[in-house]
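Summary of the model geometry
Residues per chain, in single letters:
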Amino acid sequence: QVQLAESGGGLVQAGGFLILSCAASGGTFSWYAMGWSRQAPGKERELVAAISSSGGTYYADSVKGRFTISRDNAKNTVYLQTNSLKPEDTAVYYCAARRFDIATTVGAFGSWGQGTQVTVSS
């Protein structure tokens, strides 16, 4: 089973940006669809972006046009570029993986990282 480790979270002012990274190990990275989800206090975990093994993408409406997911199969890494951040983007961001096909729901992903905190101040 693939292991995932996120990095890149932090504190940023509204309108700013962060680049989140997720390094994968223990599996054949190119076989996996990857995703980023987030969970704010008191709220359910939400899938915000996903990318298939071939590069097809999905975005939640809440982040469409502001966030970009990408992957580098040579580095076993998936990225989430987060632009125009808003206070409501504050959450713990988790990297996720599933074999083969892209998915658009949190429950479809079977492997998770420990998360990285993103805090957006107003």
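Look up: the structure comes first, before these words.
Residues numbered from 1 in each chain as written. Predicted model: local features only at pLDDT ≥ 70, side-chain atom pairs only at ≥ 80, totals over all residues. Heavy atoms only, no water.

**Looking at the overall build of the protein**
Counted only if it meets this: Runs of H or I in DSSP of at least four residues are treated as helices and runs of E of at least two as strands, each being numbered from the N terminus. In this treatment the radius of gyration is a C-alpha quantity, and the globule benchmark scales as 2.2 Å times the residue count to the 0.38 power. The contact criterion used is simple: two residues touch if any of their non-hydrogen atoms lie within 4.5 Å. Reported accessibility uses the Shrake-Rupley method at a 1.4 Å probe radius. Residues are deemed covered only where the shown protein chains occlude them. Positive charges come from Lys and Arg, negative ones from Asp and Glu, while His and the chain ends are left out of the count. Note on charges: their place is set at NZ of Lys, CZ of Arg, CG of Asp or CD of Glu.
Each helix and strand counted, the protein has zero helices and eleven strands in total. Its helices and strands taken in sequence order, the protein reads β-β-β-β-β-β-β-β-β-β-β from the N to the C terminus. Against the globule reference of 14 Å for 122 residues, the protein gives a C-alpha radius of gyration of 13 Å, in line with a compact fold. Taken along the three principal axes of its C-alpha coordinates, the protein extends 40 × 25 × 25 Å. Within the protein, contacts between residues at least 6 apart in sequence are counted, and of these 58% link residues at least 24 apart. Here the protein displays about 6,000 Å² of accessible surface, and carbon together with sulfur accounts for 49% of that area. For the protein, the distance from the average site of its 10 positive side-chain charges to the average site of its 8 negative ones is 3 Å.

**Regarding the pattern of salt bridges**
Using the following cut-off: In the sections that follow, a salt bridge refers to a side-chain nitrogen of Lys or Arg positioned within 4 Å of a carboxyl oxygen of Asp or Glu.
All told, the structure shown has four salt bridges when counted by the stated rule. Through salt bridges with shared partners, a single ionic network connects Arg 38, Glu 46, Arg 66 and Asp 89.

**Remarks on the sheet that holds strand 1 (residues 3-7)**
Basically, it comes down to this: Pairing between strands is defined by DSSP: at least two bridges between them are needed. Fitted lines through C-alpha atoms serve as axes, helices being fitted only where they are in contact, and the angles separating the N-to-C directions of these axes extend from 0 to 180 degrees.
One open sheet accounts for four strands, arranged 1-3-8-7; its pairing is antiparallel. One side of each edge strand has no neighbouring strand; the edge strands of this open sheet are strand 1 and strand 7 (67-72). Along the sheet, successive strands turn relative to each other by an average axial angle of 15°, direction set aside. Where strand 1 lies against strand 3 (residues 18-25), five bridges are found, and the strand directions are antiparallel. Looking at the pairing, Ser 7 lines up with Ser 21 of strand 3.

**Observations concerning the packing of aromatic side chains**
Cut-off, in case you're wondering: Put simply, two rings from Phe, Tyr or Trp (the six-membered ring, in Trp's case) pair if the centres are within 6.5 Å, and we call them stacked under 30 degrees between planes, edge-to-face over 60, tilted for the rest. Two thresholds decide whether a charge sits over a ring: the Lys NZ or Arg CZ must be within 6 Å of the ring centre and within 35 degrees of the ring normal.
If you walk through the whole model with that rule in mind, you get one aromatic pair. The ring centre of Trp 112 lies 4.8 Å from the NZ or CZ of Arg 45, which sits over that ring. Lying across the ring of Phe 29, Arg 71 places its NZ or CZ 4.5 Å from the centre.

**Description of the state of the cysteines**
A covalent bond bridging the sulfur atoms of two cysteines is what the word disulfide describes. Rules: For this text, the term disulfide refers to a pair of cysteine sulfurs within 2.5 Å. Under the scheme applied here, a residue whose accessible area is under 20% of the maximum for its type counts as buried, over 50% as exposed, and between as partly exposed, the area being computed with a 1.4 Å probe on protein chains only.
Here the structure, examined in full by the defined rule, presents one disulfide. At a sulfur-sulfur separation of 2.1 Å, the disulfide partner of Cys 22 is Cys 95. Its S-S torsion of about -80° marks the bond between Cys 22 and Cys 95 as left-handed, since a negative value means left-handed. One end of the pair, Cys 22, is in strand 3; the other, Cys 95, is in strand 9 (residues 91-99), and 73 residues separate them in sequence. Neither Cys 22 nor Cys 95 differs from the other in exposure class; each is buried.

**Quick notes on the environment of Cys 95**
By relative accessible area, which is 0% here, Cys 95 ends up buried. As a C-alpha pair, Cys 95 and Cys 22 span 73 residues in sequence and 6.3 Å in three-dimensional space. Beyond its immediate stretch of four places on either side in the chain, Cys 95 contacts Leu 4, Glu 6, Cys 22, Met 34, Gly 35, Trp 36, Val 78, Ser 111, Trp 112 and Gly 113.

These figures come from the coordinates and say nothing about function on their own.
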